[in-house]
Amino acid sequence: MATATMTEPYGTGNSPTYGSHSPGSGRERAQHDKKQAKLKAKTLSALQEGEQRDYEDEEAALGGTYRNVPRAAMEGAGTAPEADSVDVREVNMAERDDRFCSNEFISSRYTWYNFLPRNLWEQFHQFSNIYFGLNVVIALIPNISPITPITAIMPLIIVLTIGALKEGYEDWQRHKADRQNNSQEVTVYKDGQWVVVPSRDVKVGDVLRMARDQSHTSLKADVVILASAAEDGQVCIETSQLDGETSVKFRRALDDTQSALQTIENVTAKKGQLRVTVDLPNKEIYKWQGTGQWHYPDGTRSNQFNFDVESTIWRTCSVKNTPWMLGLVVYTGHDTKIGMNMQFKHQRATALNKQLNLAVGAIFAIKNVFLFLFSGLAWSFNSNHKDDWYLQAYLTEFSAGYQFVRNYLTWFVLLSFLIPISLFVTVQLCLKVQTTIMSHDKEMLHWMLGAGEGGEAGWVGCRPKTSDLNVELANVRYIFTDKTGTLTENKMNYVGGAVQAGRYWLGGKLKQAERDPARLCQDFGNGTNLFPGTSGGVEDGVTNLRRYVAAIALCNTVVPTLEDDGTIQYEGTSPDEVALVRAAASAGVKLVSRNTQGITLSVKDENGEEKQATYQVLSVLEFSASRKMMSIVLKTPLNEIILISKGADAHEGPGGGMLRRITNGEHADLEMIPDSFEATPENGDQKAVDKLQEIWEAVREHPWTTPETSLDVETTHKILRDYGRKGWRTLVFGWKQLDPAWYEQWRGKFEELKAATLFIKGEERDHIKAGLEDAGRLALERGLEFGGMVGYEDQLQDEVPETIKFFLDAKCVIWMLTGDKLETAIEIAKSCNLALGTDNIVECYFGKITRQGGGLRNSSLVASPLMSFRSERASFNAPEEKPAAGDASGKKKEETTEARLAQADAMLFEIEAKVAEVGEGLVTVAIDEPTLACMLLNYPNDFNFLAKKLRSVVCARLSPKMKGTIVECCIQENDISDTTVLAIGDGGNDVTMIQKAHVGIGVIGVEGRAAELASDYAIPRFKHLKRLLAVHGRYCKYRTMKCVWYSFYKNIVLSISQMCFAIFTGFSGQTIFDSWLLAIKNTFYDGAPPLFMGCWEKDINEETLEDPVTGPLLYAEQRDKKSYMDLRSLGLWAGGALVNGLLLFWFWYPTMRLDDVSGDEGKTTDIYVHGTILLVGIVMSNVARAILTLRHVTIVQHLAHWFSYVILFLSLIYYSTIELMCMADPCESHFYGIADIIFKSPKLYLWVLMTGVGLPTVIDLCGLFIQKHFFPTLRDAIHGHPSYPKNEDFPMGCCTETPALEAYDPTSMFPQEEVAEADPVDDELDGTYKSLGGTQKAAAVADQAVME
């Protein structure tokens, strides 16, 4: 029986400043220093952790929180740590345990019994509901409310009901999805046979079976792989629903269980004998471990074996290309990884919410002014009329204080209509409709393979994930964009390569050797291999070429799959690797099979016959973001052991890159060997550090073998720069032959090192463990022979240059953040309009020659700028450089830091000089991570000040976490509280950046959904960002704010009339309007116009907004001038309401004073007759105002306004003729028969004509005339209005076919000059692949033909 012990519940420096813009002294300086310290800490954290694999990004796509959870240290690794430091769960195979969490997965928020209280609790967290709830409480106080309490309660009930229905419907959809999800069929072992059960009935301890015909379904529990149909236990899985990545990943069963559980009879015979010990449920998706042990019937036990994350498959993952697999269920339901990571996404504060709160606060403050004023005037009136007989009893019984409080509360209820009770519900409905319009926009559709529903090809459109940020789309000023997959297609293609043959270089595209196929496969099928060791001269180009192609085909994680038609499909975790393997196959070296034990290659000889050879896989040193390389150790058909490595040419992390590992002698590589490591005993890492030290001691003792072919460093760097300038991404290959004895020695010590890292404790456990293991791998990855370089490219998406130019013309600041080389990033920037030309680009990186004070200064002595930013603990990541002889390391670091600061200071001056030379908005800064980090840490004010004057910023060699840190730093450092920062990306490495920004945009791609899952809006292509922001963003802002201001307008008009009537009632709080009419006015009489206005209104047509000339100017104007969202707009609408309310009341006042409404049989009328007619006029005027302000009239808008008219008169007739309704409350019996009186009065129809047509027409048309002639806007210029200032460089009437549009210079905002000049480096590279000597030119030319 399984047992578990649980401790947590289930499922649930001072730096120089060169500019004059530094902060002042005193309190301002203290606040600045505190802010800078916080900024520096975040930047340092990103630098220290940015080179690790960014699991946080992928996990954050699920809304989870990245944290370390203690893991069990298992007995098989050595002596276990203290028992109280770990907690574990034990699971017995095929023995179900009901004590663990049920596998019924529930994502809904409510149940039938808690829906009402919980939903009410959540709704009353909104200020408006609290306000109107308080209003209801006051209305229920006897003798306080001037209206019937039920009429104050009913609107609140309606609003709460609508909100509850909305939440209830959404939760009902979640319940339906849960029922469907929990009812999916799963095959489990039960009583000696495979039984199909609903997924909700799966228990911990069950053995689950997945077959190939079930590959369309995902796993419904977290399992440990026991066995699979593959001989080596390998299983192919897809994790797109877990982390967003659609590429195939590989897991495998351990040999201890693979061979023992191949049939159902094996499972029956060994039922209960396998005991697996695992961690308690936690959120960690990528870090997990457990142990297994066989307990035989005779009481003996097997040796304990260890599981890790490579032996698991988590819930929601799908099994691919595997006939069958068996898994032991260890976590179910909300204990699964996906369940532990399910959290509701944190809602960002939006500008709309801030504006609504500001408006409500302003109205509430003004209301309180009137409350105190009217309460005081009421007290004054009572004091002046204390002798009046009808007031004597009241004034005698109650004190002046009581009278003041009573009048205050009475007016509080009566003026509660100043704030529309339906405002927030109406706005939410409008935002929902707006997102629906976005998702159905045909102009944003794109045909994509693998991105449709269910993974098939189909049309994909915009996918809004939230409606709360719709208005933010119109306020974007800062755009942070990824490069690969966002600006480019993310479809890699091999485009070139280079192989060194002695003193010659072979360069070109990799193609089939048509003239002499035998040269490529020479000796391949005769028992030898593509790595002939010492055979072949060092100057033999064919030998090097053969090794180069074979290295591409061997050093990867691609798995070939043979299709029914005989073709081979390649699948891998990286599109880069798949592209390179396909290139090798096109050159004649084909990868035909792969498993954990061996790799088989095939080459056709001159007769067309395929010759195959198998390489045994001894070790795979996985790719890590810190080393930026991967390696594989193989045994060739000649029983030689070789190491093949590939990776980035250079970086600032451990190992220094491939060119650092490829050396010309012993000294350069030995600089990477540390003398010692400082262990921390309390973290338990002493044993692991000792093992690492043993490895490096063995490295020193191992005889060094200098590669026979020296690396031509100068030419290598020229070729890499050339590839970068062409926009290509690059990899460098290297290899060496290993001494078998030395390899076995390293392998044994490395396994001991990994076992020792299991005992490390503390918060930095995983960080230290990764650093120690990488250092152990680097001990083997040294002294490599140069193998060659590959270049592969990713083409730009369509309309990317036009889209970027659009936003640059709209005065947006664009930062391109990428992990690629600086040269590659610059080339892409120039091709997509981010940079105007070479003369307008300032490159910033340590080691360049910069200008300062008119001279040149070479700071190439700065060799490793990133290392000084690392914390002491980060020193475990990589061996540090040995200090020079006789020089103290502290002094050397200090000198390096000073030189680096001087270099950064010089580069800032260079940027400032370039801006002064060519103008603001024209300069592009290209900078790498170490230089950017130095500037943000030491010169944040100066750099951000200059960044505002730039055209764009290109940041290269960035880690995923550093991307997020840059976004966060720019948000904090710049005064952008009223503008929006947008981040857009397509992959898991962009998740942090997307979530740090105000608005996150995910680009939908076939390589993964991590960015889409973490985003607020997802679009198919980068070009759709223009339509999303310029069209939908503007429309959403215009519609929503017009809905908001009109809602305030119509209620202010009503309240002004009530205030005017108070003059004649001694400010007692007597209402002129019927209580029920007041209750239904906002909801039915004039509630439809703002709702439909907020859904379908437009101010300018779409073509004008997307036009490359007018669109950027319109977007910049409404953002910079805060159109529609400022207090000025509120003041104009409130002022109009004030004028309209005063005119309506005082126009009707003479009739009211004379009682000039002919009553039935000559009887006089009361205030409710006059109040009803006045209310009719207010509603007619409000609806007419809505009609007159429309700029985009549709049939839907017409229906909304006519609905208001019809419902007004029908409700008056119904209300006044139903006697029971009027008599339900004796206080309300006054309305019976009023409709008969007012409809017989001719003045009603004159009043309707005046208020519905005459008055609003005169007022609004006069206001419109004044605005257009004396205060014209850019929108008026678009419509061709002649009053727009002539000195503005803008085409008048550009929305029509006029010559002005053609004559307009779109570069007026940012003057652009394309500078065409010859790049001196291009001339230098013309001879890169030419002979460097003369002895073997003929051989080099012959070898060149093999590749071109």
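Residues numbered from 1 in each chain as written. Predicted model: local features only at pLDDT ≥ 70, side-chain atom pairs only at ≥ 80, totals over all residues. Heavy atoms only, no water.

> What is the right way to read the overall build of the chain from this model?
Helix and strand counts for the chain come out as 45 helices and 37 strands. Within the span of the chain, comprising 1348 residues, buried residues form 55% of the whole. Total accessible area on the chain stands at roughly 55,800 Å², and carbon and sulfur atoms take up 55% of it. (Helix = DSSP H or I, 4+ residues; strand = E, 2+ residues; numbered from the N terminus. Buried < 20%, exposed > 50% of the residue type's maximum accessible area, 1.4 Å probe, protein only. Areas by Shrake-Rupley, 256 points an atom, 1.4 Å probe, with all protein chains shown as cover.)

> Can you help me understand helix H24 (residues 822-831) in this one?
Turning to H24, its buried residues number three or more, namely Leu-822, Thr-824, Ala-825, Ile-826, Ile-828 and Ala-829. Of the surrounding secondary structure, the elements contacted by the buried residues of H24 are helix H20 (713-725), strand S29 (813-817), strand S30 (841-844), strand S33 (924-928) and strand S34 (952-956). The positive-phi residue at the C-terminal boundary of H24 is Asn-833, with phi of around 75°. (Contact = heavy atoms within 4.5 Å.)

> Where do I start with the nonpolar core in this structure?
As a rule of thumb, nonpolar side chains are buried together in soluble globular proteins. In terms of nonpolar packing, the biggest core is built from 92 residues, with Val-1044, Trp-1045, Phe-1048, Phe-1073, Ile-1173, Leu-1174 and Leu-1212 touching the most fellow members. Element by element, the count of residues in this core is highest for helix H31 (residues 1024-1062), at 15 residues. Residues contacting Val-1044, with those up to four places away along its chain left out, are Leu-356, Leu-423 and Val-427. Listed in part, the 52 residues of the second largest apolar core include Ala-227, Val-278, Val-329 and Val-330. (Core = buried A, V, L, I, M, F, W, Y, C linked by side-chain atoms within 4.5 Å.)

> What is the right way to read the sheet that holds S33 from this model?
One key point about sheets: their strands pair by backbone hydrogen bonds, in either a parallel or an antiparallel sense. Strand order in this open sheet of nine strands is S16-S37-S36-S35-S17-S29-S34-S33-S30, and the pairing throughout is mixed. Of all the strands in the sheet, the pair left with one neighbour each is strand S16 (463-464) and S30. Direction of pairing for S30 relative to S33: parallel, over a ladder of four bridges. By the bridge assignment for S33, Cys-844 is matched with Ile-927. (Pairing = 2+ DSSP bridges.)

> In this structure, what is going on with the environment of Leu-226? I would like to understand it.
Tracing the chain through its elements places Leu-226 in strand S5 (residues 222-228). You can call Leu-226 buried: its relative accessible area is 1%. Apart from residues no more than four positions distant in its own chain, Leu-226 is found in contact with Met-93, Val-207, Ala-253, Thr-257, Gln-258, Leu-261, Leu-274, Leu-326, Gly-327 and Leu-328.

> Whenever I open this one, the pairing of strand S21 (residues 568-571) confuses me. Can you help?
Successive side chains on a regular strand alternate, one facing one side of the sheet and the next facing the other. Where strand S20 (residues 559-562) lies against S21, four bridges are found, and the strand directions are antiparallel. Residue pairing across strands places Val-559 opposite Glu-571, the latter belonging to S21. Between S20 and S21, which pair antiparallel in sequence order, lie five residues; one of them, Gly-566, sits at a positive phi of approximately 90°.

> Before we go on, may I ask you to explain the packing of helix H5 (residues 149-182) against helix H32 (residues 1075-1085) in this structure?
What describes two packed helices is the angle between their axes and the distance between those same axes. At a minimum axis distance of 8 Å, the contact between H5 and H32 shows a crossing angle of 10°. By the angle between their directions, the pair H5 and H32 is classed as roughly parallel. Remark: the crossing between H5 and H32 carries right-handed chirality. In contact with Ile-150, Thr-151, Met-154 and Pro-155 of H5, H32 contributes Ser-1075, Trp-1076 and Ala-1079. (Axes fitted to C-alpha atoms, helices over the stretch in contact; angles between N-to-C directions. Parallel < 35°, antiparallel > 145°, perpendicular 65-115°, else oblique. Left-handed = near helix turned anticlockwise from the far one by under 90°.)

> What's the story with the sheet that holds strand S11 (residues 312-313) in this structure? I'm lost.
Taken in spatial order, the six strands of this open sheet run S3-S2-S4-S13-S5-S11, and their pairing is antiparallel. Edge positions in the open sheet fall to strand S3 (193-198) and S11, since each of these has one partner strand only. Here strand S2 (residues 185-190) pairs with S3 via six bridges, running antiparallel. By the bridge assignment, Tyr-189 is partnered in S3 with Trp-194.

> When you look at the pattern of salt bridges in this model, what are you seeing that I'm missing?
Summed over all chains, the structure comprises 45 salt bridges. In this structure, Asp-97 engages Arg-99 in a salt bridge whose closest nitrogen and oxygen atoms are separated by 3.5 Å. For Lys-963, the salt bridge identified is with Asp-482, shortest N-O distance 3.1 Å. Here Lys-963, found in helix H28 (residues 960-973), pairs with Asp-482, found in the loop between strand S17 (476-481) and strand S18 (493-501); they are 481 residues apart in sequence, far enough to count as distant. Through salt bridges with shared partners, one network takes in Arg-109, Arg-118, Glu-122, Lys-166, Glu-167, Glu-170 and Lys-432. (Salt bridge = Lys/Arg side-chain N within 4 Å of Asp/Glu carboxyl O.)

> What is the right way to look at the packing of aromatic side chains in this model?
What describes a pair of aromatic rings is the distance from one ring centre to the other and the angle between the planes of the rings. Here the structure, examined in full by the defined rule, presents 37 aromatic pairs. What links up through ring pairs into an aromatic cluster is the set Tyr-131, Phe-132, Phe-364, Phe-372, Phe-404, Tyr-408 and Phe-412. Over the face of the ring belonging to Trp-294 we find Lys-270, whose NZ or CZ atom lies 5.3 Å from the ring centre. A cation sits over an aromatic face here: Lys-337 above Trp-314, 5.1 Å from the ring centre. (Phe/Tyr/Trp six-rings, centres within 6.5 Å; stacked < 30°, edge-to-face > 60°. Lys NZ or Arg CZ within 6 Å of the ring centre and 35° of its normal.)

> Explanation requested: the side chain of Lys-914 in the structure shown.
Mapped onto the elements of the fold, Lys-914 is located in helix H25 (residues 889-918). Look past the residues within four positions of Lys-914 in its chain and what remains in contact with it is Asp-839, Val-842, Gly-919 and Val-923.

> Honestly, the confidence of the model for the chain in this entry has me stumped. Any pointers?
For the chain, the average pLDDT comes to 75, and 73% of its residues sit at 70 or higher. Ranking the helices and strands of the chain by mean pLDDT puts S5 first, with 94, and helix H43 (residues 1299-1303) last, with 30. The low-confidence segment residues 1-29 (pLDDT under 50) makes 58 contacts with residues lying over four places distant or belonging to another chain. Of the regions scoring below 50 in pLDDT, residues 1286-1348 engages in 112 contacts with residues more than four places distant in sequence or in other chains. (pLDDT = per-residue confidence, 0-100.)

> Help me understand unusual backbone geometry, please; the structure alone is not making it clear to me.
Note: most residues except glycine have negative phi, and most peptide bonds are trans. In this model, Asn-833 sits at a positive phi of 75°, which is unusual for a non-glycine residue. At Arg-957, a position not held by glycine, the phi torsion is positive, near 60°. Take Arg-957: it is sitting in the loop between S34 and H28. Among the residues examined, Arg-957 registers a relative accessible area of 26% and is labelled partly exposed.

> Hey, could you run me through the packing of helix H10 (residues 351-384) against helix H13 (residues 423-439) in this one?
Running from N to C, H10 and H13 cross one another at 160°; their axes reach a closest spacing of 13 Å. Judged by the angle between their axes, H10 and H13 are roughly antiparallel. Once H10 is placed against H13, the crossing between them reads as right-handed. Between H10 and H13, the residues in contact are Leu-352, Leu-356 and Val-360 and Leu-423, Phe-424, Val-427 and Leu-431, respectively. Here the contact of H10 with H13 is composed, by residue class, of seven nonpolar, no polar and no charged. (Nonpolar A, V, L, I, M, F, W, Y, C, P; charged D, E, K, R; others polar.)

> What exactly am I supposed to notice about helix H36 (residues 1127-1154) here?
Working note: α-helix, 3.6 residues per turn, so residues spaced by three or four point in the same direction. Compared with an ideal rise of 1.5 Å per residue, which puts 28 residues at 40 Å, H36 spans 41 Å between its outermost C-alpha atoms and is within 8% of the ideal. The sharpest bend along H36 reaches about 35° and sits at Trp-1148, with the proline Pro-1150 one to four residues further on. Listing the buried residues of H36 in full gives Ser-1129, Leu-1130, Trp-1133, Ala-1137, Asn-1140, Gly-1141, Leu-1144, Phe-1145, Trp-1148, Tyr-1149, Thr-1151 and Met-1152. Against the buried residues of H36 lie H10, H31, helix H37 (1167-1188) and helix H41 (1242-1270). (Expected span 1.5 Å × (residues − 1). Bend = angle between axes of the 7 residues up to and from the residue.)

> Hey, could you run me through the environment of Gly-327 in this one?
Residue position: Gly-327 is located in strand S13 (residues 324-331). The exposure class of Gly-327 is buried, given its relative accessible area of 0%. On a C-alpha basis, the gap between Gly-327 and Leu-226 in space is 5.2 Å, while along the polypeptide they are 101 residues apart. Here Gly-327 is in contact with Asp-206, Val-207, Leu-208, Val-223, Val-224, Ile-225 and Leu-226, once residues within four sequence places are set aside.

> What exactly am I supposed to notice about the environment of Ile-911 here?
With respect to the secondary-structure elements, Ile-911 resides in helix H25. The sequence separation of Ile-911 and Thr-924 amounts to 13 residues, and the corresponding C-alpha distance is 9.0 Å. Leave out the neighbours within four places in its chain, and Ile-911 touches Val-842, Cys-844, Val-925, Leu-946 and Leu-950.

> Teacher, can you tell me more about the side chain of Lys-1081 here?
If you trace the backbone, Lys-1081 turns up in helix H32. Among the residues examined, Lys-1081 registers a relative accessible area of 0% and is labelled buried. Once residues within four sequence positions are removed from consideration, Lys-1081 is found in contact with Lys-1050, Asn-1051, Leu-1054, Asp-1086, Gly-1087, Leu-1175, Ile-1178 and Asn-1182.

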